Amino acid sequence: MIIFSIVTVTYNAEEAIRPTLESVEQQDYPDLEHIIIDGASKDNTMAIVNEYTKRTMQDFPENRIIKVVSEPDKGIYDAMNKALRMVTGDYVCFLNAGDRFPTTDTLSRVAATAEGAPDGQTPAVLYGDTDIVDSKGNFLAHRHLSPPDNLTWRSFRHGMLVCHQAFYARTDIARKVKYDTSLRLSADVDWCIKVMREADNQDLPLRRVPMVIAHYLQEGQTTQHHRKSLMERFTVMRRHYGLPTTIAMHLYFVPRAITRKLKRDK
C-alpha cells in the first residue's frame, strides 16, 4: 500500500492549526505519516499538536506515524527542507496550518489514481484541483488557475497551475530537490518545477487526480505580500524558462493578477 507523508509547517498557529490536524486525523486512508515542523511557537500551538498526537496514537496505533519537531528555524522553506530529510512515505505533500483536505476520502482517491496508472509506472507527481476557503473552512472560490490533464514542467510558464498543497511528489524525487531558502515567498513554485524537471529526466509520468484535493487558506504569506511574491516568481520563471518567455508571460498575466487582487480587496 502507498504510504503518504503529510508535512505541516507551523509557527504561532494556534488559531489555524486545529482544522488542519483534524482533516488529517479524519482521513479514511490508514497508512500515513504526519510530520509537523514547528518553529518554536510561543503560543498554544504545541499544546494542540500534542493533544492531536496522543489522540491519533490511541486511535491508529498500527497505521499512523507522527513525527513532531519544535525548534527555531530560518523560515518556512528551511522547515520544509528539514521535513524532506525526515519523510519515509512514498509520496510527500505539504499541508500547512490552516489548509486542509476537503473530504475524508481525499487520500484514498489520490492513492487510487496512483495505483490505477495504465502504464504500470508509479507517477512522479500526483496533482489535483484546489478550492480557496476562509479561516472557518467556508468555500470562497475555486482557484483561478486549473491544472491541465497533461502537466509538464513547462506548464508553469503560464503560472503556478497546481497549488503547492495539491502537489504530491514521489519521495525519492522530492528528496533530491531542496527548497531555495534565498527565496522568501516563491520557493514552492521553484521546487515544484524542479521536481517536474527531474521527473522528465527520468521519463516518469505526472498524473492528475480528477477532483479537488486541497482546501487552501486564503490569507497565506503569498496573499499578504502579493507584489513581492510576483517579483520572486519572475526570478523563478526566468531561471527555468529564460528572460524573453518570462517577460512575454508576465505582460499577459501580471495585470490580470493585480485586477483580481483589487477585486478581492473591495
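Read on for a plain summary of the structure. It should be emphasised that the depicted structure is a prediction, and the values quoted were computed from it without experimental measurement. (Residues numbered from 1 in each chain as written. Predicted model: local features only at pLDDT ≥ 70, side-chain atom pairs only at ≥ 80, totals over all residues. Heavy atoms only, no water.)

### Remarks on the overall build of the protein
(1) Moving on: A count of helical and extended segments in the protein gives 9 helices and 8 strands.
(2) Moving on: When burial is assessed residue by residue, the protein has 53% of its 266 residues classed as buried.
(3) Moving on: In the protein, the proportion of contacts linking residues at least 24 apart, taken out of those at least 6 apart, comes to 78%.
(4) Moving on: For the protein, the accessible area works out to roughly 12,500 Å², and carbon and sulfur atoms hold 50% of it. (Helix = DSSP H or I, 4+ residues; strand = E, 2+ residues; numbered from the N terminus. Buried < 20%, exposed > 50% of the residue type's maximum accessible area, 1.4 Å probe, protein only. Contact = heavy atoms within 4.5 Å. Areas by Shrake-Rupley, 256 points an atom, 1.4 Å probe, with all protein chains shown as cover.)

### Overview of the environment of Ala-166
(1) Moving on: By secondary structure assignment, the location of Ala-166 is in the loop between strand 6 (139-142) and strand 7 (167-170).
(2) Moving on: The buried category is assigned to Ala-166, whose relative accessible area is 0%.
(3) Moving on: With near-sequence residues (within four places) excluded, Ala-166 lies in contact with Leu-126, Tyr-127, Gly-128, Asp-129, Thr-130, Ile-213 and Ala-214.

### Here we look at the packing of aromatic side chains
(1) Moving on: Scanning the entire structure with this criterion turns up 9 aromatic pairs.
(2) Moving on: Ring plane angle 85° and centroid distance 5.7 Å describe the contact between Phe-94 and Trp-191, whose orientation is recorded as edge-to-face. Taken together, the residues span a long stretch of sequence, with Phe-94 in strand 4 (residues 91-94) and Trp-191 in helix 6 (residues 187-201) at a distance of 97 residues. Trp-191 carries the same exposure label as Phe-94, and that label is buried.
(3) Moving on: With a centroid separation of 4.8 Å and an interplanar angle of 15°, the aromatic rings of Tyr-179 and Trp-191 are classed as stacked. One end of the pair, Tyr-179, is in the loop between helix 5 (171-174) and helix 6; the other, Trp-191, is in helix 6, with 12 residues separating them in the sequence.
(4) Moving on: Above the ring of Trp-153, the side-chain terminus of Arg-197 is found at 4.0 Å from the ring centroid. (Phe/Tyr/Trp six-rings, centres within 6.5 Å; stacked < 30°, edge-to-face > 60°. Lys NZ or Arg CZ within 6 Å of the ring centre and 35° of its normal.)

### Quick notes on the packing of helix 1 (residues 17-25) against helix 2 (residues 45-59)
(1) Moving on: Interhelical geometry of helix 1 versus helix 2 gives an angle of 10° and a closest axis separation of 10 Å. Taken together, the axis directions place helix 1 and helix 2 in an arrangement best described as roughly parallel. Residues Ile-17, Arg-18, Leu-21, Val-24 and Glu-25 of helix 1 form the contact with helix 2, whose own contacting residues are Ile-48, Val-49, Glu-51, Tyr-52, Arg-55, Thr-56 and Asp-59. (Axes fitted to C-alpha atoms, helices over the stretch in contact; angles between N-to-C directions. Parallel < 35°, antiparallel > 145°, perpendicular 65-115°, else oblique.)

### What to know about the state of the cysteines
(1) Moving on: Evaluation of the coordinates by the stated rule reveals 0 disulfides.
(2) Moving on: Free cysteine: Cys-163, not disulfide-bonded; nearest cysteine sulfur from Cys-192 at 8.8 Å.
(3) Moving on: Look at Cys-163 and you get buried, because its relative accessible area is 6%.
(4) Moving on: Using a relative accessible area of 0% as the deciding quantity, one classes Cys-192 as buried. (Disulfide = S-S within 2.5 Å.)

### Remarks on the side chain of Thr-113
(1) Moving on: Position of Thr-113 among the secondary structure elements: in helix 4 (residues 106-115).
(2) Moving on: A residue is classified by how much of its surface remains accessible, and Thr-113, at 11% relative accessible area, is buried.
(3) Moving on: Aside from chain neighbours lying at most four places away, what touches Thr-113 is Leu-126, Arg-207, Arg-208, Val-209 and Pro-210.

### Digging into unusual backbone geometry
(1) Moving on: Its identity is not glycine, yet Ala-40 carries a phi of approximately 65°, on the positive side.
(2) Moving on: Along the polypeptide, Ala-40 turns up in the loop between strand 2 (32-38) and helix 2.
(3) Moving on: Exposure remark for Ala-40: the relative accessible area of 23% places this residue in the partly exposed category.
(4) Moving on: Its identity as a non-glycine residue notwithstanding, Asp-203 has a phi of 55°, on the positive side.
(5) Moving on: Residue classification places Asp-203 among the exposed residues on the basis of a relative accessible area of 60%.

### A short note on the pattern of salt bridges
(1) Moving on: Per the counting criterion, the structure on display carries 11 salt bridges.
(2) Moving on: Measuring nitrogen to oxygen at the nearest pair gives 2.9 Å for the salt bridge that ties Arg-208 to Asp-149. Remark: Asp-149 occurs in the loop between strand 6 and strand 7 and Arg-208 occurs in strand 8 (residues 206-217); sequence separation between them is 59 residues.
(3) Moving on: Taking relative accessible area as the criterion, Arg-208 reaches 24% and is therefore assigned partly exposed. (Salt bridge = Lys/Arg side-chain N within 4 Å of Asp/Glu carboxyl O.)

### Structural notes on helix 1
Every α-helical turn comprises 3.6 residues, leaving residues that sit three or four positions apart pointing alike.
(1) Moving on: Of the positions making up helix 1, those classed as buried are Ile-17, Thr-20, Leu-21, Ser-23, Val-24 and Glu-25.
(2) Moving on: Tucked inside the fold, the buried residues of helix 1 contact strand 1 (4-10), strand 2, helix 2 and strand 3 (64-70).

### Notes on the nonpolar core
(1) Moving on: In terms of nonpolar packing, the biggest core is built from 79 residues, with Phe-4, Phe-156, Phe-167, Tyr-168 and Trp-191 touching the most fellow members.
(2) Moving on: When sequence neighbours within four positions are dropped, the list of residues in contact with Trp-191 reads Leu-84, Phe-94, His-164, Phe-167, Ala-169, Ala-174, Val-177, Lys-178 and Tyr-179. (Core = buried A, V, L, I, M, F, W, Y, C linked by side-chain atoms within 4.5 Å.)

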